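# Structural overview
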Amino acid sequence: QLQNKILILTICAAGIGGTFQYGYNISIINAPASYIQVFMNTTWLERMGVPLESNTVLLLWSFTVSAYPLGGLTGAVAAGPMAIVLGRKMSLLLNNGFVIIAAALSGCSRMAKSFEMIMLSRFLTGVNAGVSMNIQPMYLAESAPKKLRGAVALTSASFTALGLVLGQVVGLRELLGGEESWPFLLASNVVPALIQLTALPWFPESPRYLLIDRGDKESCISALQKLRGTSDLSAELEEMLAEQAAVKGQRAKNPWELFQNPGQRWQLVSIVVLSSAMQLCGNDSMYFYAAYVFQEAGIPEDKIPYVVIGTGSCELITSVTCNMIIDYAGRRPLLLGGYIFMAAWAIVFMVALSQQTQISWMPYLSMACIFAYILSFGIGPAGVTGVLPTEVFDQMSRPAAYMICGSLLWFNLFVVGTAFPFIVKSLAHFCYIPFLVVCVCTALYVWFFLPETKGKSFLEISEEFGKRNFKAKTRGGFYKGPEEIKTTSL
């Protein structure tokens with residue numbers, strides 16, 4: 001059907017310049033690392049007449065790498081006001097400006113003999129990723145029909161994984177990962193931005209944003225007709241009007257107002273726990289170990305980059321699989337299963353690492369653990385975490401919720417990236433103990449406190465959390481004799 005095609009094309013147009021950029025820009029920086037460090041040293045030598053010390057080169061490189069999550073944090077904070085003032089679609093379109101400037105800076109850096117341009121480029125690329133990681137799932141979930149909401153919003157994770165894999169492929173020496181071509185590799189992120197700028201304007205704005213935030217019922221109906229076709233829209237429109245009535249007279253919330261509102265307590269706790277766990281679970285750190293483990297397994301050093309592409313492909317395969325089953329299996333089982341399996345594989349991985357030199361087949365077990373850990377992460381936590389803020393918060397609170405989620409995601413990415421080398425140094429083969437604890441605690445939280453949101457309207461989910469948020473007050477009434485007597489049927 002034409003309308004299904006329009007929804008699919010909307011997803012692709014939003015994704016290619018959205019979360020695709022997050023995965024792509026994380027992976028393209030790895031291949032030219034040594035070349036960029038040589039460029040820094042050579043540039044400094046030409047400027048000052050003396051070479052940099054190795055520690056100073058590493059410090060400059062760490063600034064370059066950490067500029068990305070710092071930009072991401074900035075983008076996550078800016079995403080909320082952008083989504084409210086500009087709308088979901090226009091925010092995604094304007095967000096490409098950051099990448100275009102970043103691509104120009106990194107592409108011209110060697111010609112200009114300025115490594116500072118690479119640092120600024122990475123910061124702006126991070127801003128772009130921070131904005132798109134928040135706004136894309138919000139835009140898609142608000143545009144999707146209820147029965148497909150989970151699958152449509154989860155495509156954000158699929159595009160992240162696709163970006164990761166393509167970044168690894170393009171970063172191969174045979175393509176753009178060579179010594180002469182690395183500026184073009186860093187500037188190649190302009191291509192997805194230009195594709196989105198060309199494609200996304202043809203598709204509608206979020207119908208929910210048009211009706212509830214803008215109060216524009218006609219534009220909302222027009223957007224729904226484009227996305228759904230001529231099928232009966234009355235039930236969906238009625239649901240949106242009910243949500244509009246529920247938030248009538250309210251303005252868009254600020255992040256600090258969510259912390260002060262007892263009616264949002266469990267929603268807030270849930271997204272804080274799950275957003276933090278997504279980065280603190282150790283999935284990204286598996287990539288840190290991948291090259292070492294593959295080398296120990298006897299894979300030739302020049303072939304390791306090709307095997308590492310397999311780890312990114314694992315995440316892509318599982319995120320696509322999760323995309324297909326989320327609206328059948330539900331959110332809770334996927335999250336719960338993902339974290340339980342990750343905890344189990346973390347234990348096996350630590351045992352395998354400790355016996356790596358003693359038992360000949362242990363490197364192969366370590367290699368299997370890396371793939372299994374990434375598969376477990378991809379099947380649940382990688383995708384479902386990004387869907388939940390859209391589902392558990394109302395229209396007025398959603399942008400602020402994504403600001404909190406995004407800020408936690410980028411802050412924890414920075415913390416893990418900074419702390420992991422020290423964790424490895426102090427705990428050696430048992431460096432996954434902190435990640436194991438995070439996985440177990442998150443699985444327990446999901447089991448005891450997170451309700452299922454599959455197949456429910458936004459209003460139904462809000463009502464369910466409302467019962468949990470005010471349960472304590474109801475219990476408080478138990479000790480008040482007269483009030484308790486009034487509630488009995490005698």
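It should be emphasised that the depicted structure is a prediction, and the values quoted were computed from it without experimental measurement. (Residues numbered from 1 in each chain as written. Predicted model: local features only at pLDDT ≥ 70, side-chain atom pairs only at ≥ 80, totals over all residues. Heavy atoms only, no water.)

### Structural notes on the domain arrangement of the protein
- Under the domain assignment, the protein is made up of domain 1 (1-203) and domain 2 (257-470).
- One C-alpha centre belongs to domain 1, the other to domain 2; they are set 22 Å apart.
- Between domain 1 and domain 2, the residue contacts involve 41 residues of the former and 43 residues of the latter.
- A buried area of about 3,300 Å², summed over both sides, lies between domain 1 and domain 2, and 68% of it is on carbon and sulfur atoms.
- In terms of surface lost to domain 2, no three residues of domain 1 exceed Arg149, Leu154 and Gln168, which account for 18% of the buried area on that side.
- At the junction of domain 1 with domain 2, the criterion picks out two salt bridges. (Domains from an automatic or database assignment. Contact = heavy atoms within 4.5 Å. Buried area = accessible area lost by both parts, 1.4 Å probe. Salt bridge = Lys/Arg side-chain N within 4 Å of Asp/Glu carboxyl O.)

### Considerations on the state of the cysteines
- Taken as a whole, this structure holds zero disulfides when the rule is applied.
- There is no disulfide at Cys369, and the cysteine sulfur nearest it, in Cys431, is 12 Å away.
- Owing to a relative accessible area of 0%, Cys369 belongs among the buried residues under this scheme.
- Looking at the unpaired Cys439, the closest cysteine sulfur is the one in Cys281, lying at 5.4 Å. (Disulfide = S-S within 2.5 Å. Buried < 20%, exposed > 50% of the residue type's maximum accessible area, 1.4 Å probe, protein only.)

### A closer look at the pattern of salt bridges
- Taken as a whole and assessed by the stated rule, the structure comprises 10 salt bridges.
- Put simply, Glu243 and Arg208 hold a salt bridge, and the shortest N to O gap is 3.1 Å. Note that Glu243 is positioned in helix 12 (residues 234-246) and Arg208 in helix 10 (residues 207-213), a separation of 35 residues in sequence.
- Ionic pairing is found between Glu391 and Arg331, a salt bridge with its closest N-O pair at 2.5 Å. With Glu391 in helix 19 (residues 381-392) and Arg331 in helix 17 (residues 331-354), this residue pair connects regions lying 60 residues apart in the sequence.
- Salt bridges here are not isolated pairs; linked through shared partners, they connect Arg88, Glu142, Arg208, Glu239, Glu243 and Arg398. (Helix = DSSP H or I, 4+ residues; strand = E, 2+ residues; numbered from the N terminus.)

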